[in-house]
Amino acid sequence: MKIIYLLSQNKRDAITLSVSDMAQALGAVGHKIHVVTADKSLASDLKAENVASTYASMGGTFDFVSPMKISKLIDDGQPAIMHVNSLHECYIADRARNLSGNKAVKIVLCHNHVDEPKNIALALRHMSAVDGSIFTSEPVKDIVCRALRIDTATHKSALLNPSAPKRNAQYAEPLIMWHGNITEPTAIRCIVQTMAKADSGIKACIMGTGRGQTVIPVLNEARKLGVYDRMDWKGDVTDIRRLTNTAFAALLPLHEHAAVQEAAEYIGAGIPIILSRRHPASLMVECLGAGIVTDNESPAAFADAINALAADNASLRDKISREMNRPDFDAFLSSIISFYNSLLS
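Engineer: I'd like a description of the overall build of the protein, backed by residues and values.
Structural biologist: Secondary structure summary: the protein contains 14 helices and 13 strands in total. With 345 residues in all, the protein has 53% of them scored as buried. A sequence separation of at least 24 residues applies to 72% of the contacts in the protein between residues at least 6 apart. In the structure as shown, the protein presents an accessible area of about 15,000 Å², 50% of it carried by carbon and sulfur atoms.

Engineer: How would you summarise helix H4 (residues 87-100) if you had to cite specific residues and measurements?
Structural biologist: The terminal C-alpha atoms of H4, which comprises 14 residues, lie 20 Å apart, in line with the 20 Å expected from a rise of 1.5 Å per residue. Turning to H4, its buried residues are Glu89, Cys90, Ile92, Ala93, Arg95, Ala96, Arg97 and Ser100. Where H4 is buried, its residues contact strand E1 (2-7), helix H3 (65-73), strand E4 (80-84), strand E5 (105-110) and helix H5 (120-127). Looking one or two places after H4, you find Gly101, whose phi comes out positive at around 75°.

Engineer: Could you give an account of the environment of Ile4, naming the residues involved and the relevant values?
Structural biologist: Here Ile4 is to be found in strand E1. Exposure remark for Ile4: the relative accessible area of 0% places this residue in the buried category. Separated by 28 residues in sequence, Ile4 and Lys32 have C-alpha atoms that sit 8.5 Å apart. For Ile4, the residues in contact, after removing those within four places along its chain, are His34, Val36, Leu73, Ile74, Ile81, Met82 and His83.

Engineer: Break down unusual backbone geometry for me, citing the residues and quoting the values.
Structural biologist: The phi torsion at Met58 lies on the positive side, around 50°, for a residue other than glycine. Position of Met58 relative to the elements: it lies in the loop between strand E3 (52-55) and H3. Its relative accessible area of 3% is what places Met58 among the buried residues. A positive phi is found at Arg149, a non-glycine position, where the angle reads about 55°. Structurally, Arg149 is set in the loop between helix H6 (138-147) and strand E7 (157-159). Exposure remark for Arg149: the relative accessible area of 60% places this residue in the exposed category.

Engineer: How would you sum up the environment of Gly132? Please name residues and give values.
Structural biologist: Looking at where Gly132 falls in the secondary structure, it is placed in strand E6 (residues 132-135). Between the alpha carbons of Gly132 and Leu343 there is a distance of 7.2 Å; along the sequence they are 211 residues apart. With sequence-adjacent residues up to four places away left out, Gly132 is seen in contact with Ile107, Val108, Leu109, His155, Lys156, Phe339 and Leu343.

Engineer: I'd like a rundown of the packing of H4 against H5, residues and numbers included.
Structural biologist: Running from amino to carboxyl end, H4 crosses H5 at an angle of 50°, the nearest separation of the two axes being 9 Å. One way to sum up the angle between H4 and H5 is to call them oblique. Of the two possible hands of crossing, H4 and H5 adopt the one that is left-handed. Taking contact as the criterion, the partners of Leu87, Cys90 and Tyr91 in H4 are, on H5, Ala123, His126 and Met127. Split by residue class, the contact of H4 with H5 holds 5 nonpolar, 1 polar and no charged.

Engineer: Can you explain the packing of aromatic side chains? Please cite residues and give values.
Structural biologist: For any pair of aromatic rings, the description consists of the separation of the ring centres together with the inter-plane angle of the planes. Scanning all chains against the criterion turns up 1 aromatic pair. Residue placement shows Lys40 over the ring face of Tyr55; its charged tip is 5.0 Å from the ring centre. Taking the ring centre of Tyr228 as reference, the NZ or CZ of Arg223 above it sits at 4.2 Å.

Engineer: I'd like a rundown of the confidence of the model for the protein, residues and numbers included.
Structural biologist: This prediction gives the protein a mean pLDDT of 80; 78% of its residues lie at or above 70. Ranking the helices and strands of the protein by mean pLDDT puts E4 first, with 95, and helix H13 (residues 315-323) last, with 59. Note that residues 163-170 has pLDDT below 50 and, in this model, 26 contacts with residues that lie over four places away or in other chains.

Engineer: So what about H5? Which residues, and what values?
Structural biologist: Within H5, burial applies to Ala123, His126 and Met127. Buried residues in H5, looked at end-on, bunch into an arc of 100°, giving them a common side. Buried residues belonging to H5 abut H4, E5 and E6.

Engineer: Would you mind going over the sheet that holds E6 in detail, with residue names and values included?
Structural biologist: Read from one edge of the open sheet, 7 strands run E3-E2-E1-E4-E5-E6-E7, paired in parallel fashion. On the outer flanks of this sheet lie E3 and E7, each paired with one strand and no other. Pairs of neighbouring strands in the sheet enclose a mean axial angle of 20°, with direction left out of account. Note that E1 and E4 share 3 bridges and pair parallel. Counted as the bridge partner of Ile4 is Met82 from E4.

Engineer: Residue-level account of the pairing of E1, with values.
Structural biologist: Counting buried positions over the 6 residues of E1 gives 6, a clear majority of the element. Of the two faces of E1, the one carrying Lys2, Ile4 and Leu6 and the one carrying Ile3, Tyr5 and Leu7 are both buried. Two strands pair when backbone bridges link them, and E1 and strand E2 (residues 32-37) are joined in this way by 6 bridges, in the parallel orientation. Residue pairing in the sheet places Leu6 in a bridge with Val36 of E2.

What counts, and where the lines are drawn
- Residues numbered from 1 in each chain as written.
- Predicted model: local features only at pLDDT ≥ 70, side-chain atom pairs only at ≥ 80, totals over all residues.
- Heavy atoms only, no water.
- Helix = DSSP H or I, 4+ residues; strand = E, 2+ residues; numbered from the N terminus.
- Buried < 20%, exposed > 50% of the residue type's maximum accessible area, 1.4 Å probe, protein only.
- Contact = heavy atoms within 4.5 Å.
- Areas by Shrake-Rupley, 256 points an atom, 1.4 Å probe, with all protein chains shown as cover.
- Expected span 1.5 Å × (residues − 1).
- Axes fitted to C-alpha atoms, helices over the stretch in contact; angles between N-to-C directions.
- Parallel < 35°, antiparallel > 145°, perpendicular 65-115°, else oblique.
- Left-handed = near helix turned anticlockwise from the far one by under 90°.
- Nonpolar A, V, L, I, M, F, W, Y, C, P; charged D, E, K, R; others polar.
- Phe/Tyr/Trp six-rings, centres within 6.5 Å; stacked < 30°, edge-to-face > 60°.
- Lys NZ or Arg CZ within 6 Å of the ring centre and 35° of its normal.
- pLDDT = per-residue confidence, 0-100.
- Arc of directions from axis to C-beta.
- Pairing = 2+ DSSP bridges.

As structure tokens, then:
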């Protein structure tokens, strides 16, 4: 099967990591995989992994180059899947399909956002190009279908809960993980304030992309609050999976842009998630029993949840791990391929 993944983000976030995993795994078992990415370094990395790659900026309305590049990948008239992760990528994929004239290409949208679109008319126009949708949980599906007015009776869709093999990791010390964009330091400031209220034996691991100078005031605040030495500032880490086995929980302090897929990544790693009820991933976490949902997003509430996990002598973490036990990664990929085939048949 020919599958083209579009990644318009120029930074490595949870969505990029998920797609990279799928592309390399499917390429290794004989599928023809091509990734079009706005991240030049990712394009270079993927070339060594059973995956072809193309760099394209995938910018706004006046970006004519990216659709042309993508159209060249599908102008052979053969069936193919274009897998996208945002409505903007739907727009790029649809333009490429129209330029190629290949109607055998199907566009699949993995819904990572559950918030109301700012421009519903534009969102509906982009959705009209989608042949099938992937949802990460039933609550996410309900919210997205309502927001985008999707008719579930006629629109082809798949419900793919994140794969989460049960973990039996032994934790040397309680370590909280956070990975995101540090250019906007609001989330890191919340983590610093949370750490100041959490038990002194708890540490945090901060990873992110962006310009570090934007968080200098946050670093100064961490020193002032006496928690700087308990925070490991990793900077930009391209492979967060090396660190997941050392973490006993992940904190998602704010309702961020790609939050649902980020939560799915942590669930896939078997890491309990702490987040507030306002967070767009809270329904998925509650549905899967994958963590602790607080009533508000204050540092005090997050600290209480972290302390509960740390003081529970592993039974609460084990309960969360049991409830998070999902199909393994091979079953997850098999479900993806089955859905792709249903669209192409």
